[in-house]
Structure formats: C-alpha cells, structure tokens
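Residue-level listing of the chains:
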Number of protein chains: 2
Amino acid sequence: MTLASLTPEIEPLLTAALPDDRFRRSEDRYLEEPRGRYRGQSGLVALPRSVEEVAVLVRICAEHRIGIIPYGGGTGLVGGQIAEAGPVPLILSLERMNAVRAVYPDENVAIVEAGVILADVQKAADDAGRLFPLSLAAEGTARIGGNLSTNAGGTGVLRYGNTRDLCLGLEAVLPDGSVLNGLSRLRKDNTGYDLRHLLIGAEGTLGIITAAALKLSPRPARSGTAMLVVESPAAALKLLTLGRDVLGEGISAFELMHRQGMEFLAETLPDIRRPWDVAPEWCVLVEVGLPAAQDPVEALEQLFVAGAEADLVSDGIIAQSQTQSDDFWAVREHIPEANRRIGSVSSHDISVPLGALAEFITMADARIHAIGDFRINCFGHVGDGNLHYNVFPVAGESRADHQDKRAQIKRTVHDLVQELGGSVSAEHGIGRLKVDDLERYGDPAKLAAMRAIKTALDPVGIMNPGAVLRG
Amino acid sequence: MTLASLTPEIEPLLTAALPDDRFRRSEDRYLEEPRGRYRGQSGLVALPRSVEEVAVLVRICAEHRIGIIPYGGGTGLVGGQIAEAGPVPLILSLERMNAVRAVYPDENVAIVEAGVILADVQKAADDAGRLFPLSLAAEGTARIGGNLSTNAGGTGVLRYGNTRDLCLGLEAVLPDGSVLNGLSRLRKDNTGYDLRHLLIGAEGTLGIITAAALKLSPRPARSGTAMLVVESPAAALKLLTLGRDVLGEGISAFELMHRQGMEFLAETLPDIRRPWDVAPEWCVLVEVGLPAAQDPVEALEQLFVAGAEADLVSDGIIAQSQTQSDDFWAVREHIPEANRRIGSVSSHDISVPLGALAEFITMADARIHAIGDFRINCFGHVGDGNLHYNVFPVAGESRADHQDKRAQIKRTVHDLVQELGGSVSAEHGIGRLKVDDLERYGDPAKLAAMRAIKTALDPVGIMNPGAVLRG
C-alpha cells in the first residue's frame, strides 16, 4: 500500500483534531541533522501534549495513509529522523511531552515522558540522590524517547548496559492508534512477549514511545579518573579484565584513544588541555565509581600497579582533583568535534567480539592503507567492543579529495567487521543511512521475521517509513 | 487453521526424515511436571542432534500442521511443557543438543546449546574462572534453552538480572523452519529489531531456541553470607537500600523469609539445620560477593551495624565458615520442598513495585484471612519485588479440604497484585496455567500486538499450541 503525501489539502484532517497550538510549520531544526547528510521536506509538525493526543494523530494518519516521523531531539547520526524523499510525512515531535511524571528513589525508578531531554533525566535522578547512568555527547539535546527508540549506547554501557537495559516499561502508541500501557516499575514480569524490547531499538518503525519507566542506580559515593598509557588495544582489554578482578563492578568507563585523536585535538581545539604534550600511541581513560569506604585514588593506584606488573601499562596519570578529572573527560568528549573539524572521509560505528578487537584494528589499518594514504582515528568504548573507526585525509588534503573512495572504504571496513562476527552499527542504529548495510549483512531469517513483524503491526507502513526497512 | 494430530499414520512423515535413533516413544518424564497438575498425551518424542535436524522437523510439522512442544528439562511450573488436550503434538526435546560449543573467558562469553543443563553451564563458566550467575532450585535438571524461553529468574536477579539480561545472542529455528543465526558475542549491536528478546520469554511459541551466547561475569573473589532479623518487609527493603550505599554492587542475594517457612521446615524436614530455634517473624538471607581486597565478614558486619543503627536489624548471624553459609542457603532452598510437603491450597508467583511490597503483604494477609483460616508462607526475592505468596491449610487440615476456595484465593491475590501495579507471573511465565490470567489482567493493546506477532511468525500455530495465547 502506498502512502499519501501530507499536502495542504489533507492537513486540515489533522489540524482540526487538536487545538491550533499543537501544530507549527517545519522549522529548519526539524529538517537538518548533525552531520548535514540529510535534508527533510518541509511540512507540518505536530506537538501533542499527551499520549491521548498522540493516539488521535496516529489514528488519523493510519486512516488516511499518512507517514509519521516520530521526532525526539534530532541528534541521531543515521538519518532516522529525516525523510528526504517520498510522500511528505507528519513530523510528530514529542518535545512538549517533557514531564518527569514521578521519581521513586527507594525503588530506583523514574517515570518520564519521551520528550524529556536526557540531561534533565540525569538531573531528576540526581536530585533524588540517584544515578541515571546513560551518558553520551548529545545529552543536552537528545530526548529520552529517541534514546530508547535507538537503544543509545554511550560511555556508561560497560557498567550499566545499553539504554534497553535501563528501561523497565514503556507507554507507547502503536501504529493502529492503540495505547500500550506498559509503564511497569517491576524488576520481574514474565507475562507474555516482551514488547518493550521490540519497541526499543525499532527506531520508531513499530510505534511511538510516549513515556518510560527507567531504572535508576545508587550513586557511587566517590569517583576517580585516570589516563593510562597502554601498549596496544589488546593490552587495554587485558587491563580491563585485570581491573575487574581487582575492583569488581567499580569500573564505570574504559575508553580507548589513539594518538591520532589527541593530534586532531591539538590541531583543531588547542584550548582543550591534553594530558601529554607528545601523545602516546594508545591510552585509556578509566573511571571508577565506588562506595564510601573505598578510596578511588587508591583503587586506581592499585590498578596502575597491577597493570604495570603485568606489563600492560607503561605510564599514567591519576586525577588528583575534580578539575583534572574534568580535563581528562574533556579530551574524550571533544574528539568527535575535532573529527568534525578535520572532516572524515568515512566514519564507522562498529563493534566486534572483544577477542577480535585487536585483530580488527590491525587488519582494518592494513586494508585502508592499501586503498590510499589516510589518517585513522580509532577510539571508543573498548570494553563493549565498540569502536568509532574513522578515516581522514592526510594533512593538506580534504574529504572532498577522496569522495570517490568513500564507498570503497566503507565497504572494506564493514566487510571486515562481518568477517569477524561484528556489527556494522554498534550504537547509532540503522536509520536511513544503513538500510543497505542491514540488507547486505543482516541474517536473512532475521530480516524476514522483521518484515513479518512490521507488516503485522503496521500494515499500512505509516511509522517512520523508509527507516530500518525499505518502505 | 486447525492442527492435525500426530497419529501413527502421520508419524512416518517425521521418522523417515532423520535416523531412527532420533526418535522414541514418550516416556512418563515427558508427560509429567513437577507439581503434578498436568498430564500430557502419549506420542512421539524427537531428539534432534543439530539445528539443521531441528529445522527439518519444524518444516515437516509446518507443512503438515503438526503442533510442536519444545522440551527442555521439564521443570517449568506453569504447564508450558505439557499438552493435555487437543491434537497430539510432537515433543521436540533438546536434550541431545547439549554441547558447550565454546567459552571465551577474556570476553566473558560462553556459547552453549539449548539442551545443556543449567548446572553444567555454571560449571563450564567456573572451569574457565568465570561466573554464570543464573541460579535456581531446579538448576540440576533445568536446561538453558528452557531457562531462556521462560526468562527464568532465581536468586541472582538482584545483582545480575533475569535470564534475558544474561544473553547476548540466540540461534533458533523459526516456525517456518528457517534458522535464525544470531549467536552474537557482541555487547552492542543496533541493527534492527531485537528478536532475541522476543524469543526469550515467548515460552517456545515463536520458535525453538537451539543455542545461545551467554554473558559471563567475573567470579567474585570472596563471598560471605548472613541471616539478619528484620522487623518487617519494609525494613528489609530499607536495609537493602542501605546495603547498596555501603557495599555498592556487592550484594549478590537478598532473600526474605517469614517465620512460617522456618516452621514448615521444622515440621517436614527437621534435619535441615535452622539458624534459630524460635524463628523470627521476618529475616533476610544476605549474600555478598566481593573483590579480593574486601573482607566479606567485615562487609557484612558493616551492614549489620549500619542496619542496627537505623533500627532496621535487631539480630543476626554472620556465617564464619563455608559450612555455615551452606546451612543458611539450605534453609532458603528447602522452603519450596517443605511447602510441597505441607501442600498449598494456592501458590502465587507475583511481583509488585518495591514501594508497594509491604502494603501488598499486609493487605493480602487481611483479605486471605477474611476468606478463612489459613497459614501463609510468604518468601522470595524481595529486592526484585518478587514474592512467592503461598496459602496453606492450618495444621490438621489438608489442601483437599479447601478445594472449593482455591479459585477465590487465587483471584483475591491476583486482583490485589493488579491493583498495586504488579505482575501475576513474576518469574515462572504463563504456560498453560495462566492463560486466563493473562487475558484478564494483560493490557489489551499488548495482547492484540502479541496475537498479531504470533500470527505473523507462526500462521499455522504449530509452536507450543495453547501456551501463552489461547490456540
């Protein structure tokens, strides 16, 4: 069944159903995305204030075969929030469903609406003496509904899991306009199929998440940060295993960085304080979060000594103040911005089994250098096997000089990932950017089941048409 | 579409497809279940040795509309593994797919076939210096495929999550006979709908899990156990919150027990050593698992002191030896057997939000006592909000004396659970026992979506017909 375009003639079907202030024309911010790869079509934006209003809109769209783009903070990196072509859809923004409905500190639970900005979720938890551990660069703009729909990753996954692991229940509007009332605060509930996990990561193609019951954690009483120089990615992984033996679950973050990232920082953002004048080939940023009785500096010293004795760590700095800790994190968090300023030829958000990680880096470097002369900045959440493996022109050249090699580079990296049993989208999702990749690398039985589920729940195909699965 | 009975005339369609030793007649063990509530129909049992053989069987069954009961260890408590009525199905036992395919200690991953007994999974992890934290009373008989299909709970959920949280990927045969190759060892993979979580907890109604990639954990270097007397379930929960502030993620188990359970033990299993001659009204069994640098006895003393200072704990014993620790666990683990020997009128595997737990116990007791004179044994995984709330006759009466009140008691408990936002099946699943409950208490939009998914993936309805959803 083909979708209808949301033309000015059809718009009154929607605008008559809710008060006038629930609609606006699409401003630029709804049509752009962070990397500037996609540009949406102008049209109507709906700004419902309640799940009932979302349901009204969905029912009208289902009846009249109008596509819907569920819109969160707009920070997605794979075009899941932008429809460039095809029938004009309704942009349904959750930005006015931004209430923290309730926080239950004793239960470690918060009920929040989909439009709450991630940083505000963190703050609501913090105000209640709790931690909401999802943390990522876009947290000041991203909205939790989008984080859930894309099963966002970030720096806290190692200790606390992906976004799906932080969700106890969902309220959502399904493609037929029915409301799923699943805001469970339960830790255990084995009553039927887990629709929560089906909607999480479906990128808005199976329904619109309107609210969620989120799992909070005790706030570690004390935290500490270190930058440790390691010989190689393999040494970094061994250090992590060692660290878990020594410190238990206390390691909150373990981020690998390559010399290239530090050099890009020096080149493009010289005001960011770097820990070393001459960057080491590889280093890791380690953060620990511990109960009151444990001293984080001592714990990191223990880790450093154990790592040095095992020949895994050759140098390191343990932050002696919050300022120094913030400086270390600023390095990690500004690497994506430095990358943007340099301008990548091709970027890859991949994961491989931990045991294949070192091999991946070696082999990928060799295959990329066989294509041409490039700079490679490889960094990421090494404890999760998740690398941002990004390829840049050498100094003096620009990404435009290598336009013709982009497809080949991408294919080379993704083919290698596939060979090693990895994923071509570790944390960003499929969106519209990776629909081809999913078809190429996805398991055929999985794809067939996905299509069957999509057709069963959204027979008209109104929900985020063209994302994840070809429309 | 109605299913065909697997009559002797039809059996050769299956038996001709695989070697003779892949089949046997159904012995009693395939037709009975632990509580003796269901009795299956005699018939053919298939014992495939590989995923390809499972796929062959499923394709034949799909073509000829023959129902399939995927069979694990047979320890389920809700009749999910037993078809009492309707067309005779094929019993497809995974018992010969019992290989541990690989263990990756550095990745904290094990790949195991569905027929591996849970205790053998634990052992394989332990042999590699790792922990597989799923732990439940039936672990010597239950098979991991069944644990996954039912999303089993147990005593480790507090720290490590439900079975679904311990699974990275699945291999499965879908109802059309296609093979889902999803044995991912990845921690992060955002490429399409999460079929893993859809199959986990679907109780064999959407496909047959044949193997899984399981998440292992570092083995805590040292562990310790204590029995602490608490004033009330509310005090137990506050003590848990306090314990997490003091010990971080170190608390591995936190099991609430009522005086009644100890008294049943004394009555039916007097050889089990009890910690107190006169049982306290409420107590908790606490286990901590800590890194080498932390002393578990000291940690438990710290918890005891903090609990006493906060007026939450009035007495307690910290195990000074492994024997004493084993004795404490024996008490907890024999309560279900003591319950069986007494003979419950009605048993309930429920969960409520943590904040409603104390209220549930008070209100449920009042409502049950309004029905008649009963003994109530309430125990369970209090940190998960999961209680086994079981109702027994008073001394001198038997369960048979109260046959007429069973339905009313069950309804009373389940209605209260629903009022408080809880679940009528926290960890055992729906099976065939709770199909009515799911229809009564389940969210209508969720049920409609479940039916749509079931029809989309299993249009003929061959997979575990009558379980979870009415056939």
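Residues numbered from 1 in each chain as written. Chains lettered and ligands numbered in written order. Predicted model: local features only at pLDDT ≥ 70, side-chain atom pairs only at ≥ 80, totals over all residues. Heavy atoms only, no water.

- Chain A has the name FAD-binding oxidoreductase in an unreviewed UniProt entry, where Pseudosulfitobacter koreensis is given as its organism.
- Within the UniProt record for chain A, the comment given under Sequence similarities (unreviewed entry) is "Belongs to the FAD-binding oxidoreductase/transferase type 4 family." (UniProt positions renumbered as here; feature names shortened; annotations may be inferred.)

## Considering the environment of Leu13 of chain A
Residue and element names in this part refer to chain A.
- You can see Leu13 is positioned in helix α1 (residues 11-15).
- We classify Leu13 as partly exposed; its relative accessible area is 37%.
- Between the C-alpha atom of Leu13 and that of His64, which follows or precedes it by 51 residues, the distance is 8.9 Å.
- Non-local contacts of Leu13, meaning those with residues more than four positions away in its chain, are made with Ile60 and His64. (Helix = DSSP H or I, 4+ residues; strand = E, 2+ residues; numbered from the N terminus. Buried < 20%, exposed > 50% of the residue type's maximum accessible area, 1.4 Å probe, protein only. Contact = heavy atoms within 4.5 Å.)

## Regarding the pattern of salt bridges
Residue and element names in this part refer to chain B.
- Enumeration according to the criterion identifies 64 salt bridges over all chains in this entry.
- Of the charged contacts in the structure, one is a salt bridge between Arg29 and Glu95, with a shortest N-O distance of 2.9 Å. Of this pair, Arg29 sits in the loop between β1 (23-25) and β2 (44-46) while Glu95 sits in the loop between β4 (90-93) and β5 (100-104), and the two are 66 residues apart along the sequence.
- Of the charged contacts, one joins Asp458 and Lys454 as a salt bridge, the two residues approaching to 2.8 Å between their closest N and O atoms. For the residue pair Asp458 and Lys454, the accessibility class agrees, reading buried in each case. (Salt bridge = Lys/Arg side-chain N within 4 Å of Asp/Glu carboxyl O.)

## Topic: the packing of helix α11 (residues 357-371) of chain B against helix α12 (residues 406-419) of chain B
Residues and elements named next belong to chain B.
- Where α11 contacts α12, the two axes come as close as 10 Å, and the packing angle between them is 155°. By the angle between their axes, α11 is roughly antiparallel relative to α12. Crossing hand, α11 versus α12: right-handed. Contacts between α11 and α12 involve Phe360, Met363, Ala364, Arg367, Ile368 and Ile371 from the former and Gln408, Ile409, Thr412, Val413, Leu416, Val417 and Glu419 from the latter. (Axes fitted to C-alpha atoms, helices over the stretch in contact; angles between N-to-C directions. Parallel < 35°, antiparallel > 145°, perpendicular 65-115°, else oblique. Left-handed = near helix turned anticlockwise from the far one by under 90°.)

## Focus: the relation of the copies chain A and chain B
- Rotating chain A by 180° about the axis while translating it 0.0 Å along that axis superimposes it on chain B, leaving an RMSD of 0.0 Å. What the superposition gives is, in effect, a two-fold axis relating one chain to the other.
- When the interface residues of chain A are mapped onto chain B, 99% of them again lie at the interface, so the same face is used by both copies. (Least-squares fit on C-alpha atoms with pLDDT ≥ 70 in both.)

## As for the sheet that holds strand β9 (residues 179-182) of chain B
Residue and element names in this part refer to chain B.
- Across the sheet, which stays open at both edges, the five strands sit in the order β5-β6-β10-β8-β9 with antiparallel pairing between neighbours. Two strands bound the open sheet, and with one partner strand each, they are β5 and β9. The average angle at which neighbouring strand axes cross in this sheet is 15°, direction not considered.
- Relative to β9, strand β8 (residues 167-173) runs antiparallel, the two being bridged by four bridges. Bridge pairing in β9 links Ala172 to Leu180. (Pairing = 2+ DSSP bridges.)

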